[in-house]
Amino acid sequence: MFELDIDMLKEQGIQLFDTAKKTAQDIADKGKNQLELLNQQARLSKAQRQLGALVYSLHKAGEENQPLVDKYIDAVAEVEKSIEELKANMTPEECAACESEEEEQIIEDEPATGEEAAEEEIEEEPIKLRGETKICPVCKAEVDGDALFCNHCGAQL
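Since the structure is predicted, the reported quantities are computational estimates derived from the model, not experimental observations. (Residues numbered from 1 in each chain as written. Predicted model: local features only at pLDDT ≥ 70, side-chain atom pairs only at ≥ 80, totals over all residues. Heavy atoms only, no water.)

This part takes up the overall build of the chain. When helices and strands are tallied, the chain shows four helices and two strands. Secondary structure elements in the chain, listed N-terminal to C-terminal, are α-α-α-α-β-β. Within the chain, the fraction of its 157 residues that count as buried is 21%. Sequence-distant contacts in the chain: of pairs separated by 6 or more residues, those separated by 24 or more amount to 45%. Of the accessible surface of the chain, which amounts to about 12,200 Å², a share of 55% is contributed by carbon and sulfur atoms. (Helix = DSSP H or I, 4+ residues; strand = E, 2+ residues; numbered from the N terminus. Buried < 20%, exposed > 50% of the residue type's maximum accessible area, 1.4 Å probe, protein only. Contact = heavy atoms within 4.5 Å. Areas by Shrake-Rupley, 256 points an atom, 1.4 Å probe, with all protein chains shown as cover.)

Moving on, we come to unusual backbone geometry. Its identity as a non-glycine residue notwithstanding, lysine 140 has a phi of 65°, on the positive side. Structurally, lysine 140 is set in the loop between strand E1 (133–135) and strand E2 (142–144). For lysine 140, a relative accessible area of 56% corresponds to the exposed category.

Tallied over the full model, the rule gives zero disulfides. The structure places no disulfide on cysteine 139, whose sulfur is separated from the nearest cysteine sulfur, that of cysteine 150, by 3.7 Å. Judged by its relative accessible area of 33%, cysteine 139 falls in the partly exposed class. Judged by its relative accessible area of 0%, cysteine 150 falls in the buried class. (Disulfide = S-S within 2.5 Å.)

Turning our eyes to something else, we now look at the packing of aromatic side chains. Counting across every chain of the model gives one aromatic pair. Look at tyrosine 72 and phenylalanine 149: their rings are 5.3 Å apart centre to centre, the planes differ by 65°, and that puts the pair in the edge-to-face class. Separated by 77 residues along the polypeptide, tyrosine 72 in helix H2 (residues 66–88) and phenylalanine 149 in the segment after E2 bring together distant segments of the chain. Like tyrosine 72, the residue phenylalanine 149 is buried in the burial classification. (Phe/Tyr/Trp six-rings, centres within 6.5 Å; stacked < 30°, edge-to-face > 60°.)

As a further point, take H2. An ideal rise of 1.5 Å per residue puts 33 Å on 23 residues; H2 measures up with 32 Å between its terminal C-alpha atoms. When we look at burial in H2, the residues that qualify are Leu68, Val69, Tyr72, Ala75, Val76, Val79, Ile83, Leu86 and Lys87. (Expected span 1.5 Å × (residues − 1).)

Moving on, we get to the environment of glycine 31. Secondary-structure assignment places glycine 31 in helix H1 (residues 2–61). We classify glycine 31 as partly exposed; its relative accessible area is 33%. As a C-alpha pair, glycine 31 and glutamate 94 span 63 residues in sequence and 9.4 Å in three-dimensional space.

This brings us to the environment of aspartate 146. In this fold, aspartate 146 is placed in the segment after E2. Taking relative accessible area as the criterion, aspartate 146 reaches 35% and is therefore assigned partly exposed. The spacing of aspartate 146 and lysine 46 is 100 residues in sequence and 8.9 Å in space, taken between C-alpha atoms. If near-sequence neighbours (up to four positions away) are discounted, aspartate 146 is found in contact with Lys46 and Gln50.

Another point: the side chain of glutamine 50. Inspection of the secondary structure puts glutamine 50 in helix H1. Ignoring any residue separated from it by four or fewer positions in sequence, one finds glutamine 50 in contact with Tyr72, Asp146, Ala147 and Leu148.

Moving on to the confidence of the model for the chain. Summing up the model confidence of the chain, the mean pLDDT is 78 and the portion of residues at 70 or higher is 76%. Across the chain, element-level confidence peaks in H2 with a mean pLDDT of 92 and bottoms out in helix H4 (residues 115–123) with 39. (pLDDT = per-residue confidence, 0-100.)

Encoded structure:
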């Protein structure tokens, strides 16, 4: 009879372990999904900034390069598509959690007004539009280190 109790305890322990393992795996998967979504949102923000910098630099130089602008727009759309695919595979609760984190980030990024703006301007370092550079493999022109496409020949980097 004592053997039956040990076998029953062993079986219950195995079931408990399996349940805990499955729960831990689910939590890890949700974390991976949320991390991937945050990474894609960061990529989107970077691609949008690059597009803005390109349009601004073209406008300032009095030039037009619609094919290059279109490539950047396509790159932004591609990242937006991957974000939507990630959100489609998430539960509504996970999406809501990510959206609330995104809203908090937007609130933090909003410019301050009045005295707060003056204080922030003093504390903030100047924004650098150009960072490290690299060489385009096609036309050998020097381009921004984080550029997606060459702004001279339009080749994808």
